[in-house]
Amino acid sequence: MFLGTPAEVYLYGLEYSIQLIGVLFAFILAAVIVAPLYHPLKVTTCYEYYYIRYGTNSVRYLGVMIGTLYYTIYIAVVLKGAALALEATSGLPVWLTIIIFVSASTTYTSLGGMKAVIWTDVFQSIVMMAGVIAVFVKCLTSIGGVSNLSEVGEERLNVIDFNPDPTERHTFWTLVLGSIPQYFYTSMTQAGVQRMISTPNLRTARMMIYIAAPLYCIVWLISMFLGVAIFAYVQRNGCDPISSGDIENPNQIVPFIMMELFNKFRGVPGLFIAALTAASLSTISSALNGLAAVACIDVLKVAKPDITESTATKLSKVFVVMFGLISLTLAFILTNVEGPLGQIMAGFTGAVAGPETGIFLVSVFFRRSRPKAVIISALTVLALSLWLMLGHTFSPGVKQTPHLPLGPIDNCYIPDNITANESLVETSFVSTSQMYVNYTSTSIYSLKISNTSSPGLTDTNTSRSVLDSLYSLSYMYFHLLGTILTVVLATITSLLTQPKQHVESNDPCTISLTNVEN
């Protein structure tokens, strides 16, 4: 939200905001389905539900496996974003930032537990919002106010596209339909369930969700309009940092512009770095705490039910460090994946989380679902989703969606030590010759000629194989596709393997939501 969303809007416009419709709907579903299911059960982890539902730990372990994979990828993407931003603002190497952030978050999470996570979240959210609003307001004042945002052009303010093509990166359908399972899933994860069951009653849990939903959307809208404001500022300033080559990764646009806007204000760049750090550590610590709780309750105490609380507490600290190291490894791998952070997050986590969302839905709404059928279906779809996601990420024949035209470079500073011959090189963003002028704070300049077409003008009419067409499915559909396929396969397989006298759930509350009183 802090880095990826403004970069997304900067490149592709405000169409991204349409998914807020699906986000609000997902929050409502969480209040109607997840809260009344989990709150009366008084469970410690979200995966205990599957044991109560089926009377066996097999589905529970599968949920733990998928949930752990989801959160470690989630942490890795957050680490990647923070590392890119600090590289742009302070020149700190990506690998060093990742190590520092993992070390800090694992230390205070393992020592302080849930209380440390909650109180640091409170402080970090305040600092984070201060940083976002400061950059947003400064951009607006630099361009002369909100009325001048329209200067970004109609194409960046166009938010609705009803094209039904599932291979289109963003349309009304991909954004709305694709975002519903993504944000519904967050409510049924360990972090979401922990928040719900920590409230005194179901009414309070629902109220928490109804308050959080609009606040979340407002904060997200601010980050989206920050992307518009930055583009308006760049256009008026006459030097696009991406076109000029000042930055190589679009996810660095916010920290780069922040440093430019506040370079004469002592301490303000530090506020931004603090906000970035707060946003990252808050996310990482919550995820690590949830993973440690799951490992203790769903794995350790199931394997050794007689373990003492003191021993379990000590081992939970070890689990925090272990998951931190796993996430660190994945973060180094993801540094090689290009694209907006939001796309990386939704693509990778959606491929993993889709089958688990399907497990949850079929368990809640289908009385005759069988554990083996659910497991076989989920693993099959998980393998399919991961294959599809990897093909979408790395296949060279995948349909590329061109970004909108970038800002001008008329006022970019070109150093005096560029020779006359070099200055005659034509800058063309339409042909296959593209010039980038890269310079650093130490005034070391280099001129690079790229023999590839501009990323904003990729030819989308190239003929593709059937496999490449499949890989070209919008990343927003990965989660939805995994959910639907898991529900369908688990339902059919359960019916085909149904004994003459099917076994009902051990607890009626795990299926019938109408039995839960407010």
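You'll find the structure just up there.
Residues numbered from 1 in each chain as written. Predicted model: local features only at pLDDT ≥ 70, side-chain atom pairs only at ≥ 80, totals over all residues. Heavy atoms only, no water.

1. Some thoughts on unusual backbone geometry
Leaving glycine aside, a negative phi is the common case for residues, and trans is the common case for peptide bonds. In plain terms, the rule: Helix and strand definitions here come from DSSP, where helices need a minimum of 4 consecutive H or I residues and strands a minimum of 2 consecutive E residues; each element is numbered from the N-terminal end.
Even without being glycine, lysine 42 reaches a positive phi, approximately 55 degrees. Mapped onto the fold, lysine 42 is located in the loop between helix H2 (20–38) and helix H3 (48–54).

2. Focus on the packing of aromatic side chains
We count it as follows: Pairing of aromatic rings covers Phe, Tyr and the six-membered ring of Trp, with a centre-to-centre limit of 6.5 Å; geometry is then stacked below 30 degrees between planes, edge-to-face above 60, and tilted otherwise. Any residue under 20% of the maximum accessible area for its type is buried, any over 50% is exposed, and the rest in between are partly exposed; the area is computed with a 1.4 Å probe on protein chains only.
Per the counting criterion, the structure on display carries 20 aromatic pairs. Between tyrosine 70 and tyrosine 185, the ring centres sit 4.7 Å apart and the planes meet at 70 degrees, which makes this aromatic pair edge-to-face. Linking tyrosine 70 in helix H4 (residues 58–90) with tyrosine 185 in helix H7 (residues 172–187), this pair joins segments that are 115 residues apart in sequence. The pair formed by tyrosine 70 and tyrosine 185 is uniform in burial state, with each residue classed as buried. Ring centres of tyrosine 216 and tryptophan 220 lie 5.9 Å apart, and the angle between their planes is 55 degrees; on these two criteria the pair is classed as tilted. Here tyrosine 216 and its partner tryptophan 220 are both found in helix H9 (residues 202–237), four residues apart, which amounts to about one turn of the helix.

3. What about the state of the cysteines?
In plain terms, the rule: When the sulfur atoms of two cysteines come within 2.5 Å, that pair is taken as a disulfide.
Enumeration over the complete set of coordinates arrives at one disulfide. Linked covalently through their sulfurs, cysteine 239 and cysteine 412 form a disulfide whose S-S length is 2.1 Å. Every disulfide takes its handedness from the sign of the S-S torsion; for cysteine 239 and cysteine 412 that torsion is 105 degrees, giving right-handed. Pair noted here: cysteine 239 is in the loop between H9 and helix H10 (253–261) and cysteine 412 is in the loop between helix H14 (371–394) and helix H15 (420–423), with a separation of 173 residues, a long-range link. Classification of cysteine 412 by relative accessible area gives buried; the value is 14%.

4. Topic: H10
The element H10 is extensively covered by neighbouring structure, given that seven of its nine residues are classed as buried. Among the residues of H10, those classed as buried are Ile253, Val254, Pro255, Phe256, Ile257, Met258 and Leu261.

5. Remarks on the environment of isoleucine 409
In this fold, isoleucine 409 is placed in the loop between H14 and H15. For isoleucine 409, a relative accessible area of 25% gives the class partly exposed. Along the sequence, isoleucine 409 and serine 243 sit 166 residues apart, while their C-alpha atoms lie 6.9 Å from each other.

6. Focus: the pattern of salt bridges
We count it as follows: One speaks of a salt bridge when a side-chain nitrogen belonging to Lys or Arg is within 4 Å of a carboxyl oxygen belonging to Asp or Glu.
All chains considered together, the criterion is met by five salt bridges. Here glutamate 168 ties to lysine 399 by a salt bridge, and the two come within 2.8 Å at their closest N and O atoms. Note that glutamate 168 is positioned in the loop between helix H6 (154–157) and H7 and lysine 399 in the loop between H14 and H15, a separation of 231 residues in sequence. Note on lysine 399: relative accessible area 18%, which makes it buried. Notably, a salt bridge pairs glutamate 309 with lysine 301, separated by 2.7 Å at the nearest N-O pair.

7. Quick look at the nonpolar core
Heads up, the condition is: Definition used in this section: a nonpolar core is a set of buried Ala, Val, Leu, Ile, Met, Phe, Trp, Tyr and Cys residues joined via side-chain atoms within 4.5 Å. Contacts between residues were defined by any pair of non-hydrogen atoms, one from each residue, lying within 4.5 Å.
Ranked by size, the top nonpolar core spans 142 residues in total, and within it Tyr38, Tyr50, Ile230, Ile257 and Phe360 carry the most contacts. Residue contributions to this core peak at 16 residues, all from H4. With residues near it in sequence (within four places) discarded, phenylalanine 360 still touches Ile33, Val34, Leu37, Tyr38, Tyr50, Phe184 and Met188.

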